[in-house]
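# Secondary and tertiary structure notes
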Amino acid sequence: MKTLAVLLPLLAFGAAGIGLAHSGPDFDPVRVVVETSMGSFELDIDVDRAPVTANNFLRYVDGGLYDGGTFFRTVHGANQPTDSIRIAVVQGGRSPAAAVESFPPIPLERTSETGILHTDGAVSMARGGPDTATHSFFICIGDQPSLDYGGMRNPDGQGFAAFGTVVEGMEVVRAIHRAPYEAQQLTPAVEIVRVYRSSSP
């Protein structure tokens, strides 16, 4: 069964080059623009509450490793007949043609630690086991509490690491979710043209 296990992870930083963000009352999220062949949407990345996961995502963004990638998976009620706990998400990842290897897996920042839940529009890292996420991420369509810590979509009950939310263009994400598919694979996959930091929110 393909679960969110296809969504993979990274490791503890320091020498790996992922700095932790500051926290405080003047904190602002990092705005990221995702351009796809079906339109664009914007994310706010929470480097304050989920520094490991957020900074991992941003190093893929800053390295241009999502450019040329795809949204390749859509999951909804009609295409998970063997799952007792059902979810609704779209999943994407880096370009397989990028010359640079994926970064090492990262530690799992549980929702019980960050407080960032899998609500409608939440962006989160795919993983198999804990501490295995690398570049693949997904976006929630509707609230998905079974993906939070203690939820049982992944049988280990550890949940997934949410690290931001869609703030503009959720209609584009929903359109990707409704695009043609076979099993859970989008046919064709939806191209990620470019992902980059915005100068605002």
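Scroll up to find the structure this text is about.
Described in the following lines is the structure provided in the data block. A quick note: this is a predicted structure, and the numbers were derived from the prediction, not measured. Here the residue numbers are simple positions, counted from 1 along each chain's written sequence. Confidence filtering applies because this is a predicted model: local features only for residues at pLDDT of at least 70, side-chain atom pairs given and counted only at 80 or more, and all residues used for totals across whole chains, interfaces and linings. In computing side-chain properties, one takes all heavy atoms of the structure into account and sets aside hydrogens as well as water.

## Structural notes on the overall build of the chain
What counts, and what does not: Elements are defined by DSSP. Helices are runs of H or I of four residues or more, strands are runs of E of two residues or more, and each kind is numbered from the N terminus. Each residue is assigned to one of three classes by its accessible area relative to the maximum for its type, calculated with a 1.4 Å probe on protein chains only: buried under 20%, partly exposed between the two thresholds, exposed over 50%. Contacts were defined at the residue level, with two residues in contact if any of their heavy atoms lie within 4.5 Å. Note on areas: these come from Shrake-Rupley sampling with a 1.4 Å probe, and a residue is covered only by the protein chains present in the view.
For the chain, the count of helices and strands is three helices and nine strands. Each helix and strand of the chain, ordered N terminal to C terminal, gives the series β-β-α-β-β-α-β-β-β-α-β-β. Burial statistics for the chain: of 201 residues in total, 52% are counted as buried. Considering only residue pairs separated by 6 or more positions, the chain has 76% of its internal contacts joining residues 24 or more positions apart. Roughly 8,500 Å² of accessible area belongs to the chain as shown, and the carbon and sulfur atoms make up 55% of that amount.

## A few points about unusual backbone geometry
In this structure, Pro-188 follows Thr-187 across a cis peptide bond, with omega equal to 0 degrees. The topology assignment puts Pro-188 in strand β9 (residues 185-197). The phi dihedral of Asp-131 falls on the positive side, at around 65 degrees, and the residue is not glycine. Mapped onto the secondary structure, Asp-131 falls in the loop between β5 (122-125) and β6 (137-140). Within the chain, Ala-183 stands out as a residue other than glycine whose phi angle is a positive 55 degrees. You can call Ala-183 exposed: its relative accessible area is 57%.

## Notes on the nonpolar core
Quick reminder of the rule: Residue types Ala, Val, Leu, Ile, Met, Phe, Trp, Tyr and Cys, when buried and joined through side-chain atoms within 4.5 Å, form a set referred to as a nonpolar core.
Counting residues in hydrophobic clusters, the biggest one holds 39 residues, and the most contacted among them are Val-32, Phe-41, Ile-45, Phe-57, Phe-71 and Ile-139. Breaking this core down by element, the ones donating at least two residues are β1 (30-36), β2 (39-45), α1 (51-62), β5, β6, β7 (161-168), α3 (170-177) and β9. The greatest single-element share of this core, amounting to six residues, is contributed by α1. Discounting residues that sit within four places of it in the chain, Ile-139 has contacts with Phe-41, Phe-71, Ala-88, Val-89, Val-90, Gly-121, Ala-122, Val-123, Val-166, Met-170 and Val-173. Among the nonpolar cores identified, the runner-up in size contains nine residues, and Val-75, Ala-126, Leu-147 and Phe-160 belong to it.

## Thoughts on the pairing of β6
Rules: Pairing between strands is defined by DSSP: at least two bridges between them are needed.
Going residue by residue along β6, you find Phe-137 and Ile-139 tucked away on one face and Phe-138 and Cys-140 tucked away on the opposite face as well. In this structure, β5 lies alongside β6, joined through three bridges in antiparallel fashion. Looking across to β6, one finds that Ser-124 is bridged to Phe-138.

## So, the side chain of Asp-148
Quick note on the threshold: Charged residues are defined narrowly, with Lys and Arg counted positive, Asp and Glu counted negative, and His plus the chain ends left uncounted. Between Lys or Arg on one side and Asp or Glu on the other, a salt bridge is scored when a side-chain nitrogen of the former is within 4 Å of a carboxyl oxygen of the latter.
Mapped onto the elements of the fold, Asp-148 is located in the loop between β6 and β7. The buried charged residue Asp-148 lacks any salt bridge partner; its closest oppositely charged side chain belongs to Arg-49, at an N-O distance of 11 Å. If we ignore the near neighbours within four places in the chain, the residues touching Asp-148 are Thr-111, Leu-117, His-118 and Gly-159.

## Topic: the packing of aromatic side chains
To keep it simple, the criterion reads: Any two of the Phe, Tyr and Trp rings considered here, Trp counted by its six-membered ring, make a pair once their centres fall within 6.5 Å; the pair's planes then place it as stacked at under 30 degrees, edge-to-face at over 60, or tilted in between. Should the NZ of a Lys or the CZ of an Arg lie within 6 Å of a ring centre and within 35 degrees of the ring normal, that charge is described as sitting over the ring.
Scanning all chains against the criterion turns up nine aromatic pairs. Note on Phe-57 and Phe-163: the rings are 5.0 Å apart at their centroids and 45 degrees apart in plane angle, and the pair reads as tilted. With Phe-57 in helix α1 and Phe-163 in strand β7, this pair connects stretches of sequence that are 106 residues apart. An aromatic cluster of three or more residues is present, and its members are Phe-41, Phe-57, Tyr-60, Tyr-66, Phe-71, Phe-103, Phe-137 and Phe-163. Here the guanidinium or amino end of Arg-59 rests over the ring plane of Phe-103, the centre of that ring lying 4.0 Å away.

## Describing the side chain of Asn-79
Applicable threshold: Whenever a nitrogen or oxygen atom comes within 3.5 Å of another N or O atom, the pair is scored as a polar contact, on the condition that within protein one atom can donate a hydrogen and the other can accept it, and that pairs from neighbouring residues in sequence are kept only if both atoms are in side chains.
Summarising the element assignment, Asn-79 is placed in the loop between β3 (70-75) and β4 (89-93). Given the relative accessible area of 7%, Asn-79 is considered buried. Separated by 3.1 Å, the side chain of Asn-79 and the backbone oxygen of Ala-183 make a polar contact.

Purely spatial values, then, with no claim about function.
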